[in-house]
Amino acid sequence: MSEEFEIRNKVAESGLINFDLTDLVPKGERKGIDLKDFLFMEMILKEKDFREKVAAIDVEEYRDAYVYVYNSADAIVPLWAYFLITAKLTDVTKKIVFGNREDLEVILMHNAVKNYNFEEMRGKRVLVKGCSDKEIPENAYIELVEQLKPVVKSLMFGEACSNVPIVKN
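Below or above, wherever it landed, is the structure these notes cover. Since the structure is predicted, the reported quantities are computational estimates derived from the model, not experimental observations.

### Topic: the overall build of the protein
Here comes step 1: Of regular secondary structure, the protein possesses 5 helices and 7 strands.
Here comes step 2: Secondary structure elements of the protein occur, N-terminal to C-terminal, as α-β-β-α-β-α-β-α-β-α-β-β.
Here comes step 3: At 23 Å, the protein has a C-alpha radius of gyration far larger than the 15 Å of a compact globule built from 169 residues.
Here comes step 4: By its C-alpha atoms, the protein is 85 × 35 × 25 Å across when sized along the principal axes.
Here comes step 5: Taken over 169 residues, the protein has a buried fraction of 37%.
Here comes step 6: Within the protein, residue pairs in contact and separated by at least 24 positions form 79% of the contacts whose partners lie at least 6 positions apart.
Here comes step 7: If you sum the accessible surface of the protein, you get close to 11100 Å²; carbon and sulfur atoms cover 51% of it.
Here comes step 8: Between the centroid of the 24 positive side chains of the protein and the centroid of its 30 negative side chains there is a distance of 4 Å.

Quick look at the structure:
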């Protein structure tokens with residue numbers, strides 16, 4: 001009683017495109033700059049001292065990094081202070097933003113989703129992977145749906161064996 005059984009990958013045969021949002025996460029080091037370290041007694045901005053500390057920044061430490069600038073001190077910092085830091089680093093960083101690490105990731109993923117060419121998914125069935133070992137900002141998923149909805153035939157979220165239908169055109 002010898003029967004031949006063919007093992008088939010029905011998911012691959014279905015024409016379903018698996019899309020993993022983590023593939024869009026920009027690669028590179030993330031570095032933060034706390035303005036507190038540039039303040040007199042960590043609470044007062046003295047322009048001359050501030051300018052000297054900014055001038056002393058080793059830009060090579062931030063080369064090709066994604067940088068977020070924040071202020072953990074309970075101090076009012078004028079906007080021009082952010083201008084100075086940005087002007088010092090903008091030629092060497094990949095991106096520099098105001099905010100914390102999470103704010104940086106939201107902006108990076110926003111740019112990645114907005115700039116991705118989804119044309120290969122036009123008229124196709126797309127499954128957005130649900131589980132990931134990388135932290136993806138929730139807003140990236142919202143922006144992904146905005147981009148995919150007018151393009152795809154159907155959009156699902158989850159895994160091939162267990163997914164949630166989102167859109168059917």
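### A short note on the packing of helix α2 (residues 47-55) against helix α3 (residues 79-89)
Here comes step 1: For the pair α2 and α3, the least separation of the axes is 10 Å and the interaxial angle reads 20°. Judged on the interaxial angle alone, α3 and α2 are roughly parallel. As for how α2 packs across α3, the hand of that crossing is right-handed. Two secondary-structure elements touch here, α2 through Glu-47, Phe-50, Arg-51, Val-54 and Ala-55 and α3 through Trp-80, Ala-81, Leu-84, Ile-85 and Lys-88.

### Some words on α3
Here comes step 1: Buried residues of α3: Ala-81, Tyr-82, Ile-85 and Leu-89, and no others. The buried residues of α3 occupy an angular sector of 100° when the element is viewed end-on, so they sit on one face. α3 presents Leu-79, Phe-83 and Ala-87 as exposed residues on the side facing more than 90 degrees away from its buried surface.
Here comes step 2: On the buried face of α3, the contacting elements are β2 (30-34), α2, β3 (66-70) and β4 (95-98).

So, how was this worked out
Residues numbered from 1 in each chain as written. Predicted model: local features only at pLDDT ≥ 70, side-chain atom pairs only at ≥ 80, totals over all residues. Heavy atoms only, no water. Helix = DSSP H or I, 4+ residues; strand = E, 2+ residues; numbered from the N terminus. Rg over C-alpha atoms; globule rule 2.2 N^0.38 Å. Buried < 20%, exposed > 50% of the residue type's maximum accessible area, 1.4 Å probe, protein only. Contact = heavy atoms within 4.5 Å. Areas by Shrake-Rupley, 256 points an atom, 1.4 Å probe, with all protein chains shown as cover. Lys, Arg positive; Asp, Glu negative; His and termini not counted. Charge placed at Lys NZ, Arg CZ, Asp CG, Glu CD. Axes fitted to C-alpha atoms, helices over the stretch in contact; angles between N-to-C directions. Parallel < 35°, antiparallel > 145°, perpendicular 65-115°, else oblique. Left-handed = near helix turned anticlockwise from the far one by under 90°. Arc of directions from axis to C-beta.

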